[in-house]
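# Structural overview for review
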Amino acid sequence: IPDGNFVLQGGDRIGLTATATELADGDVCGVNVAVSTGKDNVNAGTFTFTAAGLTNPNYELPASATSLPFTITPKPVSLTVSNDRQRYDGREKFVTVTASPSDFNEFTVIYKNSGGETVASPTDAGSYDVYASLTSLNYRFADSADGAARKIGTMSIYRAGGGSYTPGHTVT
C-alpha cells in the first residue's frame, strides 16, 4: 500500500491499490484494500487504508505494515468577480462570479452595504462589498486553508443621469 497525500478531484473516489511482493515465479496474488478508520475515500480528510485480504490462499498478509494513513486535501478554487460596475435603473443588480475550476459551483455570494449590513438584492446606487463562502468542505480558497466567508470584490451601482459614481463623492 503506497502511503501519501492526495488532492481531492471534485469528489472523485480515490482508488488505491496494494501489491503483493515476494511471490513464487508465475504466481499471481491480488490484495483487497479497505478503508479501516477515519473518513471514506471520497471526501477530504484523514483515513487509513488497510490490506484486508489476499486473493491467493497460498499467501498470507504480514503481521505488521498492512495499514497506512492517507490525507485527501480539499481542492483549491479561485473566484473572480466581474460585471461589478452597473448603472442604477431601479432593478436589483448582481455581479458575475466565475470559478476556477470552471465546473465548481459550491459557493454562496452575499452583498453588504457601506454600513456592513447584508443586502439580499442590491438596487440603490452605492457601493456593495461582495463576499463568498464555499459550501463544501471538499474545497478551499486557493490562498487559504478553508472556504470561510471572505470579501472577493466590490460592486458599484452608479447613479443614473450620465455621471459615474464613486463612493464618498457627490456627483452633480
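A brief look at the structure comes next.

Calculation criteria
Residues numbered from 1 in each chain as written. Predicted model: local features only at pLDDT ≥ 70, side-chain atom pairs only at ≥ 80, totals over all residues. Heavy atoms only, no water. Phe/Tyr/Trp six-rings, centres within 6.5 Å; stacked < 30°, edge-to-face > 60°. Buried < 20%, exposed > 50% of the residue type's maximum accessible area, 1.4 Å probe, protein only. Pairing = 2+ DSSP bridges. Helix = DSSP H or I, 4+ residues; strand = E, 2+ residues; numbered from the N terminus. Axes fitted to C-alpha atoms, helices over the stretch in contact; angles between N-to-C directions.

A few words now on the packing of aromatic side chains. A complete count under the given rule lists 4 aromatic pairs for this structure. A ring pair is formed by phenylalanine 47 and phenylalanine 49, whose centres lie 5.2 Å apart and whose planes are at 70°; its orientation type is edge-to-face. A relative accessible area of 4% means that phenylalanine 49 is categorised as buried. Aromatic side chains phenylalanine 104 and tyrosine 139 sit 4.6 Å apart centroid to centroid with 50° between the ring planes, which places their arrangement in the tilted category.

The next thing to look at is the pairing of strand β10 (residues 126–134). Sheet topology places strand β8 (residues 107–112) next to β10; 6 bridges connect them, and they run antiparallel. Among the inter-strand pairings, phenylalanine 107 is bridged to a residue of β10, identified as leucine 134. One ladder, built from 7 bridges, connects β10 with strand β12 (residues 150–158); its direction is antiparallel. Within β12, the position partnered with valine 130 by the bridge is glycine 153.

What follows is about the sheet that holds strand β7 (residues 96–100). One open sheet holds the 3 strands; their spatial order is β7-β5-β11, and the pairing between them is mixed. Strands with a single pairing partner mark the edges of an open sheet, and in this sheet they are β7 and β11 (139–141). Each strand of the sheet is rotated relative to its neighbour by a mean of 40°, with strand direction disregarded. Bridge count between strand β5 (residues 75–82) and β7: 5 bridges; the pairing is antiparallel. Its bridge partner lying in β7, valine 81 is registered against valine 97.

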